[in-house]
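# Commentary on secondary and tertiary structure
Below, each chain spelled out in residue letters.
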Amino acid sequence: MIKTRVTELLGIETPIIEGGMAIAGNGELAAAVSNGGGLGVVSSNPGWSKQSERTKNVRQHLRRAKALTDKSLCANMSLQLIGKNPERHLDMLVEEGVKIVVTSGGSPGVLTQTAKDYGLTVMHVVANVRQARRSEDSGVDIVVCEGYEAGGIEGADEITSMVLIPSVVDAVSIPVVGAGGIGNGRGMVAALALGAEGIQMGSAFLATTECHVHQNFKQAIVEADDTGTVMIQRMIGRLSRVIKTPRALQFQDMDKRGAAGEMQELMATTPSDANIEGAPTMDAQWHGQMGGDMENGEAAAGQSITFVQEVKSASDVVRDITAEAEALA
Ligand SMILES: Cc1cc2nc3c(=O)[nH]c(=O)nc-3n(C[C@H](O)[C@H](O)[C@H](O)COP(=O)(O)O)c2cc1C
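Our subject in this report is the structure included herewith. None of the values given here were measured: they were computed from a predicted structure.

### A few points about the packing of helix α2 (residues 27-35) against helix α13 (residues 314-328)
For the pair α2 and α13, the least separation of the axes is 7 Å and the interaxial angle reads 30°. The hand of the α2/α13 crossing is right-handed. Two secondary-structure elements touch here, α2 through L29, A32, V33 and N35 and α13 through A314, S315 and V318. In terms of residue class, the contact of α2 with α13 is built from five nonpolar, two polar and no charged.

Okay, structure coming up:
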């Protein structure tokens, strides 16, 4: 068995963490990851809800997860998604018995001390060494470093996992979890060899039976090869890795041409029958991930989808990757 400071701190059997995934990260998925021996994470915005109802929505998903597992569970607190009153959201997590949180999308200074005062274990997601050092100084317990291969919003420095993981490991003394581009046992062993004490995966958990995203999205993941994703919306400072759909290629072309106005216009004209309050870009993400619109929707996914060959239980994803890694370690 692979045991590290991460398995010890989080009370899990194998050092595999589900990445928080806006829209995609539902309660059933989190429970399945935890039942497989890893750490399941309920997202800050499972499915999608109005910002004013987001805390209530997360509470419901946490309850579903708790009904399905008695193992460790975690909640993502994306500072961009949980709204203007993060303390209220944190209070709800504590009421629901959450003992581990992973903060992302902002400074570790915002919530770490409050969460520590509640006795929680705090992880924070970073994309460069400076952010990792700041996390350690803020009292974060575990730093998750996410490389450019990852699905979803990327760090502006575009550092890949192969460089980011050992750089962060050298810079901090708290345990480091590697994320971005890891989707099999070989990737897990590589991350451990680079000094990480665990891995975080998002994309590997999308095409699973428990993940509530649309079947079309899962199918696109299964069919994708190593060229299956593209970076979009670089020009508007919202660099994001998504499945290569016709819409994504349009965005990519606009980035190349520097057509910012055209891009904003396209984002604002996303079909909105999902009746979602919020930015048009989130509407497009809902259409891609939940609506299964692989033409005009956006579906965040990382390069590691090339390793996904079939839809299976998230518990089995954890078990299979662990078994492959243990055989190699
Ligand atoms: C669909 C999707 C949504 C994501 N949303 C979030 C999010 O809300 N908060 C966050 O911290 N990370 C988010 N991420 C990043 C994941 O937590 C994770 O770090 C990443 O997927 C790891 O790289 P991988 O895609 O190569 O597995 C998202 C990733 C995906 C694929």
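Now that the structure has been shown, the text picks up again.
### As for the environment of P108
Within the secondary structure layout, P108 lies in the loop between β4 (100-104) and α5 (112-117). For P108, a count of 25 C-beta atoms within 10 Å gives the class buried. C-alpha of P108 to C-alpha of Q131: the two residues are 23 residues apart in sequence and 8.3 Å apart in space. With sequence-adjacent residues up to four places away left out, P108 is seen in contact with T103, H124, R134, S135, S138 and V140.

### Overview of the environment of A190
When you line up the elements, A190 lands in helix α8 (residues 185-193). According to the C-beta neighbour criterion, A190 is buried, with 20 such atoms within 10 Å. Taking the C-alpha atoms as reference, A190 lies 28 Å from M77; in sequence the two are 113 residues apart.

### Quick word on the sheet that holds strand β2 (residues 40-42)
Here we have eight strands laid out as an open sheet, ordered β1-β9-β8-β6-β5-β4-β3-β2, and parallel in their pairing. Of all the strands in the sheet, the pair left with one neighbour each is β1 (16-18) and β2. Strand after strand, the sheet turns through a mean of 30° between neighbouring axes, direction not considered. In this sheet, strand β9 (residues 198-201) lies alongside strand β8 (residues 176-179) in parallel orientation, the contact comprising three bridges.

### What about the site of the ligand?
Surveying the vicinity of the ligand reveals 29 residues, the closest of which are G19, S104, G151, G202 and G302. Elements supplying a minimum of two residues to the shell around the ligand: β3 (73-78) and β9. Taken together, the residues of the shell around the ligand sort by class into 11 nonpolar, 16 polar and two charged.

### Structural notes on the pairing of β3
One face of the sheet, then the other: side chains in a regular strand alternate in exactly this way. With six of six residues buried, β3 is to be regarded as a mostly interior element. Alternating positions in β3 separate into two faces, L73, A75 and M77 on one and C74, N76 and S78 on the other, with burial throughout. Pairing geometry for β2 and β3, over three bridges, is parallel. Bridging from a neighbouring strand, G40 pairs with L73 of β3. Handedness of the crossover is the feature at issue here: the chain leaves β2, passes through helix α3 (residues 54-68), returns alongside β3, and the resulting connection is right-handed. By the bridge criterion, five bridges tie β3 to β4 in an arrangement that is parallel. Looking across to β4, one finds that C74 is bridged to I100.

### Considerations on helix α7 (residues 161-171)
Those residues of α7 lying buried are S161, L164, I165, V168 and V169. Relative to the axis of α7, the buried residues are bounded by an arc of 125° and lie together on one face. α7 presents V163 and D170 as exposed residues on the side facing more than 90 degrees away from its buried surface. Looking at the packing, one finds that the buried side of α7 touches α6 (129-138), β6 (142-146), β8 and α8.

### A few points about the pairing of β6
By the criterion of burial, β6 is predominantly enclosed, with five of the five residues buried. Across the two faces of β6 the burial is the same, with I142, V144 and E146 and V143 and C145 all buried. Here strand β5 (residues 121-126) runs beside β6; their pairing, made up of four bridges, is parallel. Bridge pairing in β6 links V126 to C145. As a crossover connection, the stretch from β5 through α6 into β6 is right-handed.

### Thoughts on the nonpolar core
Ranked by internal contacts, the top residues of the largest apolar core, which has 96 residues, are A75, V101 and C145. For V101, the residues in contact, after removing those within four places along its chain, are C74, A75, M77, L93, A115, L120 and V122.

What counts, and where the lines are drawn
- Throughout, residues of each chain are indexed from 1 in the direction in which the sequence is written.
- Predicted model: local features are reported for residues with pLDDT of at least 70 only, side-chain atom pairs are reported and counted for 80 or more only, and whole-chain, interface and lining totals are derived from all residues.
- To get an axis, a line is fitted to the C-alpha atoms, and for a helix only the part in contact is used. The angle between two axes follows their N-to-C directions and goes from 0 to 180 degrees.
- By the criteria applied, helices consist of DSSP H or I runs no shorter than four residues and strands consist of E runs no shorter than two, each listed in order from the N terminus.
- In this scheme the crossing of two helices becomes right-handed for a clockwise turn of the near helix relative to the far one and left-handed for an anticlockwise turn of less than a right angle.
- Contacts are defined on C-beta atoms placed from the backbone: any two residues whose C-beta positions lie within 7 Å are in contact.
- Following the grouping adopted for this structure description, the nonpolar residues are Ala, Val, Leu, Ile, Met, Phe, Trp, Tyr, Cys and Pro, the charged ones are Asp, Glu, Lys and Arg, and the polar ones are all others, Gly among them.
- Field definition: a residue is buried when 20 or more other C-beta atoms are found within 10 Å of its C-beta, exposed when 12 or fewer are, and partly exposed for counts in between, with C-beta atoms placed from the backbone.
- Criterion used throughout: strands pair if DSSP finds at least two bridges between them.
- Contact assignment follows one rule, namely that a residue is near a molecule or strand if its backbone-placed C-beta atom lies within 6 Å of it.
- A clockwise path from the first strand over the helix to the second, with the strands pointing away from the viewer, defines a right-handed crossover.
- The arc refers to the directions leading from the helix axis to the C-beta atoms.
- Note on terminology: a nonpolar core is any set of buried Ala, Val, Leu, Ile, Met, Phe, Trp, Tyr and Cys residues joined through C-beta atoms within 7 Å.

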